[in-house]
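# Working through the structure, step by step
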Amino acid sequence: MRGHASFCAAAVAVAAAAGLKLNLPARSQPASRSKRSGPEYDRCPESIDVQDPWIIRALERPEPTTVDDCVYLVVRKGERATVESMAVEEEGLRVFQSVKIKIGEAKNIPPYPGPNRMRDCYCTVNLDQEEVFRTKIIEKSLCPFYGEDFYCEIPRSFRHLSFYIFDRDVFRRDSSIGKVAVKKEDLQKYHGKDTWFQLQPVSADSEVQGKVHLELRLSEVITDSGVINHKLATRVLECQGLPIVNGQCDPYAAVSLLGPSRSEAKKTRVKRKTNNPQFDEVFYFEVTRPLSYTKRQFDVEEEDVDKLALRVDLWNASNLKFGDEFLGGVRVPLRVLGQAGVHDAWYFLQPRENGGKSVKVEELGSLRLNIVYTEDHVFPSEHYTPLRDLLLQSANVAVSTDDQAAALLAHTSSRLLAGELATVCRLRVDSAHLCVQPVSASPAHTLGEVCREKQEAAIPLVRLFLHYGKIVPFISTIAHAEVNRTQDPNTIFRGNSLTSKCIDETMKLAGMHYLQVTLKPIVDEICTDHKSCEIDPVKLKESENLETNRENLRQYVDRIFNVITTSGVRCPTVMCDIFFSLRESAATRFQVDQDVRYTAVSSFIFLRFFAPAILSPNLFHLRPHHPDPATSRTLTLISKTIQTLGSLAKSKSANFKESYMAAFYDYFNEQKYSDAVKNFLDLISTSGKWDQRSIETPIMLKEGFMIKRAQGRNRFGIKNFKKRWFRLTNHEFTYHKTKGESALCSIPIENILAVERLEEESFKMKNMFQVIQPERALYIQANNCVEARDWIDILTKVSQCNRKRLSTYHPSAYLNGHWLCCKLSADTASGCTPCTGGLPANIQLDVDGDRETERIYSLFSTYMTKLIKMQEACGSKSVYDGPEQEEYSSFVIDDPQETYKTLKLIVSAVQTLEQQHTKYKRDKFKKTKIGSQEHPIGDKSFQCYIRQQSESSTYSI
């Protein structure tokens, strides 16, 4: 580190160049580093104006004719660039929970007690006791490898994220081998880390979930003889979220008063077919012996009360010979009554003590998992205005040459003429540049510089720019900067840069349906037929023929190559626009190389899109599970060949390390394959021609088993519940008796008027929703809460543009001649509840802009030390022209003054949001009542949260 005086001079020089005032403390009074304020930087201003004077509205501006006039970019109609009031509204806060899990493998599973000793194991993912995902079955293995990924938005509160290993049994119920249960408050310990977890024994006494509402009151009771007794009145009001055992839940509560010499037990009535029972029953227990008649004040012998406790156990009334199943319990010591003698609270149900069998943990094996749990607290939109506007300016940093500017202008103007832009904004330009700052000084690029992994920054950035319609100019900007830094055209876009990661993420979001319609039919066939395609003589089995396998593989490669190269008309418009920009930037930078305009595009569409989707179809939603080893080998060979065909390399056979692959590739050393690739790349890198809505091929969006209630199409038909196979395409929603059979009922998408949840009280069933049609509603029960949410979301989105969509609906069913919700008798009566808010029709680009801005804020807050270090690097780079210091060498800084200015704005915006979060947490702490329905007693995750907030201090930036 340079001397203090020199460094202060550097900082002052940078600040002056950026037009900022910087007051530095004397060397003898340095500020504390732990408080995020170094001696070389003053505090950021409390408020900033994020409006740059060179951004103005051009709502009625005629089309520009020259580059020096202006460049039009996409902005949303009605967006404002002013800083709004930052007052926190707690009722407006939204909390999102999500989890991404990689289920790796299990090892050392105990052998089956029989001659075979092998097991057929699968793994389930559970929110508490509700199964939300199941892997495929790995047969005949004690060390099963799963290799499956699972992601879901969590629609409810939970206490444990659990994983169960089961052994399939053909003749009896599958047996559980062991489990991993991670408490919600412990999930951050394992965030993003590959971790081996020891399997724990599974005991019915420990498998609990739900909560119970109790009211206790200690009172005096005068008997007929005038004796005063003190009795405890225990009121069991209700329970919520009890587990469903073997498909049913008929709960009752057993209430006991426990003490040194007593154990009285009483029971409530059984509530049938509900996991949210309303008991509201009162039980009386004698607590103490009668006291002196002369004492008028209330009095209890303390030693007696301290030794007494109330026990409430919840049971499922079962008809099985094994007896009733334990659902959970609570133990309440009577000392909680205090001086008032009254206690009213919610409790989380707990496992029964000493309920499990004594099993050595190491005997059950272990499971490798990678868990990423996120929880986003999203404020109302106006709170994110400063940071959001700052980030969106990154898309306004245009390219730096006149030729490229003209190309971008022509491209954007064509999009304007096509009617795709609602509102535009105007940028000031000078004679040689379209902006006043380099790409490396933009806020989005800065986020990529400070994050540990580029992928961390790319995911929220892409989703934010997609939401606001600025993804094409943003990626064009950062891609052009990367091309200009590339020296060898053969290495263009080959690194894991921010540009590469952003384009990858964009293709995943915008191109998922494109993959479905292009690759899914042939991938399904490969996974179903199990044709042998092994061409390595070393791995060839005795019963296999090498030439037959080569022919099988060649046919598969030919078919996949043909469907890809003839799919250009279906490539999403946003991807075509990005490829057009990449092509033009590469051709301008490397004018001598005639193939670079193709390799710049093929490095993404083949190398990072089609080839990975073929290799791992489960990661791209082409298959539900990871393929078996033989099929996975076939897909690997196909992926390698397709990747090489798309690369347009000069010597393609040399790309293979394996001699058998080089020999196989000789089949494709024909000019027609290169010509097909170039024609395909030409087609998809020409912007703005295709409309996905014109695609006539049905695209399968979602399918699976669910339970439906008969719709009553026959007047005298029985309206019972049946399990059916449901299938949704972009054309229709159908259900079948089983998978593969003809449809029993087909509902055209245009006939879906609304898709909403159905209240549980309608049929005493959870996870139900309704698909409302012109004549009737179809009532459906999903397998779990996550699946119900997924079906509702995708059905709503695919039918969002229907002209006759309803604005109101009935949240309950029509039964016994009236609607259960509003009691109206006419089955055609208008709904009594507003439908849920409108959602965009484009399924893959349904993005919450505020949530993504919150995630970006969290990243900036996490990497605040690197932001400060980057500020120091700006000072060092601005003053000293010698060799770059090693500690600053990781940052790309082209203009220290502009970068420093951007950093100051970022820090100020992050500080403002930090204050909002701190105020929310402080207010939440003040208002929260432990024992309320929202935070029952026993909520360890909330207690952990409160403890963390009391120990943490606010950043002083």
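Residues numbered from 1 in each chain as written. Predicted model: local features only at pLDDT ≥ 70, side-chain atom pairs only at ≥ 80, totals over all residues. Heavy atoms only, no water.

## Remarks on the overall build of the protein
The cut-off we apply is this: Think of it this way: any DSSP run of H or I at least four residues long counts as a helix, any run of E at least two long counts as a strand, and we number them from the N terminus. Residue contacts follow a heavy-atom distance rule, with two residues in contact if any of their heavy atoms lie within 4.5 Å. All accessible-area figures derive from a Shrake-Rupley calculation using a 1.4 Å probe, and residue coverage is judged against the displayed protein chains alone.
When helices and strands are tallied, the protein shows 20 helices and 30 strands. Long-range pairs, those at least 24 residues apart, make up 71% of the contacts in the protein between residues at least 6 apart in sequence. In the form shown here, the protein has an accessible surface area of approximately 45,500 Å², with 49% of it arising from carbon and sulfur atoms.

## Notes on the pattern of salt bridges
For clarity, the cut-off: Think of a salt bridge as a Lys or Arg side-chain nitrogen and an Asp or Glu carboxyl oxygen that are within 4 Å of each other. Each residue's exposure class comes from its accessible area (1.4 Å probe, protein chains only) as a fraction of the maximum for that residue type: buried when under 20%, exposed when over 50%, partly exposed otherwise.
Applying the stated criterion across every chain yields a total of 42 salt bridges. Of the charged contacts, one joins R727 and E703 as a salt bridge, the two residues approaching to 3.8 Å between their closest N and O atoms. With R727 in strand β21 (residues 721-729) and E703 in strand β20 (residues 700-709), the pair connects residues that are 24 residues apart, well separated along the chain. Looking at E703, the relative accessible area reads 27%, which means it is partly exposed. Beyond isolated ion pairs, a larger network of salt bridges with shared partners links E153, D376, R463, R851, E852 and R855.

## As for the state of the cysteines
Heads up, the condition is: A pair of cysteine sulfur atoms is labelled a disulfide when the two atoms are within 2.5 Å.
Under the definition given, this model contains 0 disulfides. C822 takes part in no disulfide bond, and the closest cysteine sulfur to it belongs to C832, at a distance of 4.1 Å. Judged by relative accessible area, C822 falls into the partly exposed class, the value being 24%. We note that C832 lacks a disulfide partner, and the nearest cysteine sulfur, in C821, lies 3.5 Å from it.

## Observations concerning the packing of aromatic side chains
To keep things clear, this is the line we draw: Each Phe, Tyr or Trp ring, with Trp reduced to its six-membered ring, pairs with another whose centre is within 6.5 Å; inter-plane angles below 30 degrees give stacked pairs, above 60 give edge-to-face pairs, and intermediate values give tilted ones. Only when the NZ atom of a Lys or the CZ atom of an Arg is both within 6 Å of the ring centre and within 35 degrees of the ring normal do we say a charge sits over the ring.
Throughout the structure, instances matching the rule amount to 27 aromatic pairs. Consider the rings of F493 and F604, whose centres lie 5.3 Å apart with planes at 55°: the pair is tilted. One end of the pair, F493, is in the loop between α7 (471-485) and α8 (498-510); the other, F604, is in helix α12 (residues 596-615), and 111 residues separate them in sequence. By the burial criterion, F493 is buried, and F604 matches it. With 5.8 Å between their ring centres and 65° between their planes, Y514 and F610 make a pair best called edge-to-face. Of this pair, Y514 sits in helix α9 (residues 512-529) while F610 sits in helix α12, placing them 96 residues apart in sequence. Here the aromatic residues F561, F664, Y665, Y667, F668 and Y673 are joined through ring pairs into a cluster of three or more. In this structure, K211 is placed above the aromatic ring of W346, and the distance from its NZ or CZ to the ring centre is 5.6 Å. Over the face of the ring belonging to F705 we find K723, whose NZ or CZ atom lies 5.0 Å from the ring centre.

## Quick notes on the confidence of the model for the protein
Stated precisely, the cut-off is as follows: Per-residue confidence from the predictor is reported as pLDDT, which spans 0 to 100.
Averaged over the protein, the pLDDT score is 78; the fraction of residues at 70 or greater is 75%. Confidence drops under a pLDDT of 50 for residues 1-16, and excluding neighbours within four residues, the segment shows 35 contacts in the predicted structure.

## Description of the packing of helix α11 (residues 573-589) against α12
Defined as follows: Only the stretch in contact is used when a helix axis is fitted, and all axes are lines through C-alpha atoms; the angle between N-to-C directions ranges over 0 to 180 degrees. Any angle that is under 35 degrees is reported as roughly parallel, and any over 145 degrees as roughly antiparallel; angles of 65 to 115 degrees are reported as roughly perpendicular and all others as oblique. Crossing handedness follows the turn of the near helix against the far one: under a right angle anticlockwise gives a left-handed crossing, and clockwise gives a right-handed one. Charged residues are taken to be Asp, Glu, Lys and Arg, nonpolar residues to be Ala, Val, Leu, Ile, Met, Phe, Trp, Tyr, Cys and Pro, and polar residues to be all remaining types, Gly included.
Axis separation between α11 and α12 bottoms out at 7 Å; the angle between their running directions is 140°. Of the possible angle classes, the one that applies to α11 and α12 is oblique. Where α11 crosses over α12, the two elements pack in a sense that is right-handed. Only V596, R597, A600, V601, F604, I605 and F609 of α12 make contact with α11, whose side of the interface consists of M575, F579, L582, R583, A586 and A587. Here the contact of α11 with α12 is built from residues that sort into 11 nonpolar, no polar and 2 charged.

## Quick look at unusual backbone geometry
With a phi close to 70°, R117 is a non-glycine residue in the positive phi region. You will see that K764, though not glycine, has its phi angle at about 60°, which is positive. Structurally, K764 is set in the loop between β24 (754-757) and β25 (768-772).

## Digging into α9
Where we set the bar: A helix is expected to span 1.5 Å multiplied by its residue count minus one. Given a residue, its bend is the angle between the two axes fitted to the seven residues that end at it and to the seven that start from it.
End to end, α9 covers 24 Å across 18 residues, agreeing with the expected 26 Å (1.5 Å per residue, within 8%). Along α9, the sharpest change in direction is near 50° and occurs at L519; proline P521 comes one to four residues later. Extensive coverage of α9 is indicated by the burial of 13 of its 18 residues. Backbone geometry just after α9 places H530 at a positive phi near 55°.

## Concerning the sheet that holds strand β18 (residues 366-378)
The condition that has to hold: When DSSP finds two or more bridges between a pair of strands, those strands are recorded as paired.
Pairing is antiparallel across the open sheet formed by 4 strands, whose spatial order is β6-β3-β18-β9. Each edge of the open sheet is held by one strand with a lone partner, namely β6 (145-154) and β9 (194-198). The mean inter-strand angle of the sheet, taken between neighbouring strand axes irrespective of direction, is 25°. Note that strand β3 (residues 94-107) and β18 share 12 bridges and pair antiparallel. What sits directly across from Q97, in β18, is E375.

## Some words on the sheet that holds β24
Overall, antiparallel pairing links the 7 strands, which are arranged β23-β22-β21-β20-β26-β25-β24 in an open sheet. Only two strands of the sheet have a single neighbouring strand rather than two, namely β23 (743-748) and β24. The average angle at which neighbouring strand axes cross in this sheet is 35°, direction not considered. The strands touched by helix α16 (residues 785-798) are β20, β21, β22 (732-736), β24 and β25; relative to β20, the strand with the most contacts, the crossing angle is about 120°.

## Regarding α11
End to end, α11 covers 25 Å across 17 residues, agreeing with the expected 24 Å (1.5 Å per residue, within 8%). A large share of α11 lies buried, amounting to 14 of its 17 residues.

## Things to note about the pairing of β3
Bridge count for β3 against β6 is 8 bridges, and the pairing is antiparallel. For Q97, the partnering residue across the bridge sits in β6 and is I154.

## Thoughts on the environment of N275
Relative to the helices and strands, N275 is located in the loop between β13 (262-267) and β14 (278-288). Measuring from C-alpha to C-alpha, the distance between N275 and G241 comes to 5.9 Å, with 34 residues separating the pair along the chain.

## Notes on the packing of helix α3 (residues 385-392) against helix α19 (residues 896-927)
Where α3 meets α19, the axes come as close as 9 Å, and the angle between the chain directions of the two elements is 150°. One finds that α3 runs roughly antiparallel with respect to α19. Regarding α3 and α19, the two cross each other, and that crossing is left-handed. Between α3 and α19, the contacting residues are P386, L387 and L390 on the first element and L905, I906, A909 and L913 on the second.

## Here we look at the environment of F860
With respect to the element layout, F860 can be found in helix α17 (residues 849-862). On the accessibility criterion, F860 (0% relative accessible area) is buried. For the pair F860 and T446, spaced 414 residues apart in the sequence, the C-alpha separation amounts to 9.5 Å.

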